[in-house]
Amino acid sequence: MSDDESVVSVEVLRQVMNRALDNLQAQVGERVELDNDFFWSVPPELTYDVYTQPQPDQLTVGQLSESWSNLARLNEAGNEVPPYALVWLADVLKALGHQAR
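Residues numbered from 1 in each chain as written. Predicted model: local features only at pLDDT ≥ 70, side-chain atom pairs only at ≥ 80, totals over all residues. Heavy atoms only, no water.

Visitor: Honestly, the pattern of salt bridges in this entry has me stumped. Any pointers?
Guide: Two side chains that carry opposite charge are able to pair once their charged atoms sit near each other. Throughout the structure, instances matching the rule amount to one salt bridge. Arg 14 is the salt-bridge partner of Glu 11, the closest N and O atoms lying 3.4 Å from each other. One end of the pair is Glu 11 and the other is Arg 14, both in helix H1 (residues 10-28) and three residues apart, which spans about a single turn. Owing to a relative accessible area of 43%, Arg 14 belongs among the partly exposed residues under this scheme. (Salt bridge = Lys/Arg side-chain N within 4 Å of Asp/Glu carboxyl O. Helix = DSSP H or I, 4+ residues; strand = E, 2+ residues; numbered from the N terminus. Buried < 20%, exposed > 50% of the residue type's maximum accessible area, 1.4 Å probe, protein only.)

Visitor: Teacher, can you tell me more about the packing of helix H3 (residues 64-77) against helix H4 (residues 85-100) here?
Guide: Geometry of a packed helix pair, given as the angle between the helix axes and the separation of the axes. Between H3 and H4, whose axes approach to 9 Å, the crossing angle comes to 130°. Compared by their axis directions, H3 and H4 come out oblique. Considering only the axes of H3 and H4, their crossing is left-handed. Here Leu 64, Ser 67, Trp 68, Asn 70, Leu 71 and Leu 74 of H3 come into contact with H4, specifically with Ala 85, Trp 88, Leu 89, Asp 91, Val 92 and Ala 95. Of the residues in the contact of H3 with H4, the class split is nine nonpolar, two polar and one charged. (Axes fitted to C-alpha atoms, helices over the stretch in contact; angles between N-to-C directions. Parallel < 35°, antiparallel > 145°, perpendicular 65-115°, else oblique. Left-handed = near helix turned anticlockwise from the far one by under 90°. Contact = heavy atoms within 4.5 Å. Nonpolar A, V, L, I, M, F, W, Y, C, P; charged D, E, K, R; others polar.)

Visitor: Just checking my understanding: could you explain the packing of aromatic side chains for this structure?
Guide: Two aromatic rings are characterised by how far apart their centres lie and by the angle between their planes. For the coordinates displayed, the defined rule picks out one aromatic pair. Between the aromatic rings of Tyr 84 and Trp 88, the centroid separation amounts to 5.4 Å while the plane-to-plane angle is 85°, which identifies the pairing as edge-to-face. Under the relative-accessibility criterion, Tyr 84 is labelled exposed at 51%. Using a relative accessible area of 22% as the deciding quantity, one classes Trp 88 as partly exposed. (Phe/Tyr/Trp six-rings, centres within 6.5 Å; stacked < 30°, edge-to-face > 60°.)

Visitor: Help me understand the packing of H1 against H4 in this model?
Guide: For the pair H1 and H4, interaxial distance at closest approach is 12 Å and the crossing angle is 50°. Compared by their axis directions, H1 and H4 come out oblique. Regarding H1 and H4, the two cross each other, and that crossing is left-handed. Seen from H1, the contacting residues are Met 17, Leu 21 and Leu 24; seen from H4, they are Leu 89, Leu 93, Leu 96 and Ala 100.

Visitor: What's the story with a nonpolar patch on the surface in this structure? I'm lost.
Guide: Taken together, the side chains of Phe 38, Trp 40, Val 42, Leu 59 and Val 61 make up a nonpolar region of the molecular surface, amounting to roughly 530 Å² of accessible area. Look at Phe 38 and you get exposed, because its relative accessible area is 55%. (Patch = residues over 30% accessible without salt bridge, like charges linked within 9 Å, V, L, I, M, F, W, Y side chains within 5 Å. Areas by Shrake-Rupley, 256 points an atom, 1.4 Å probe, with all protein chains shown as cover.)

Visitor: I tried to follow H4 on my own but got confused; where do I start?
Guide: Three- or four-residue spacings in an α-helix give side chains the same orientation, since the helix completes a turn every 3.6 residues. For H4, with 16 residues, the first-to-last C-alpha span of 22 Å sits near the 22 Å given by 1.5 Å per residue. Buried within H4 we find Ala 85, Val 92, Ala 95 and Leu 96. Take H4 and look down its axis: the buried residues cluster within an arc of 105°, on one side only. In H4, the exposed residues that point more than 90 degrees away from the buried face are Leu 86 and Lys 94. Against H1 and H3 lie the buried residues of H4. (Expected span 1.5 Å × (residues − 1). Arc of directions from axis to C-beta.)

Scope: geometric values only; no functional claims are made or implied.
If you want it as structure tokens, here you go:
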């Protein structure tokens, strides 16, 4: 992937995410109760291989409350946040986006 559309600007991503979160907060307030907790999770090596159908035994179950707990714990610790936290953030943001439709 070498075209410009596959290159992500971290700053633009941050700006759009901040604006989306500001909009969500204006609509629902400071806190949002998630409607669901469990979700299907596909291993990373299969997530982007759209030519291979995942087998049932390759699907796992993720938990939004666990992802949120991991993020809250990282925030409370005040240490550097590892890039993998983006996966937990994506879990929660995806659920919020689906719920806010």
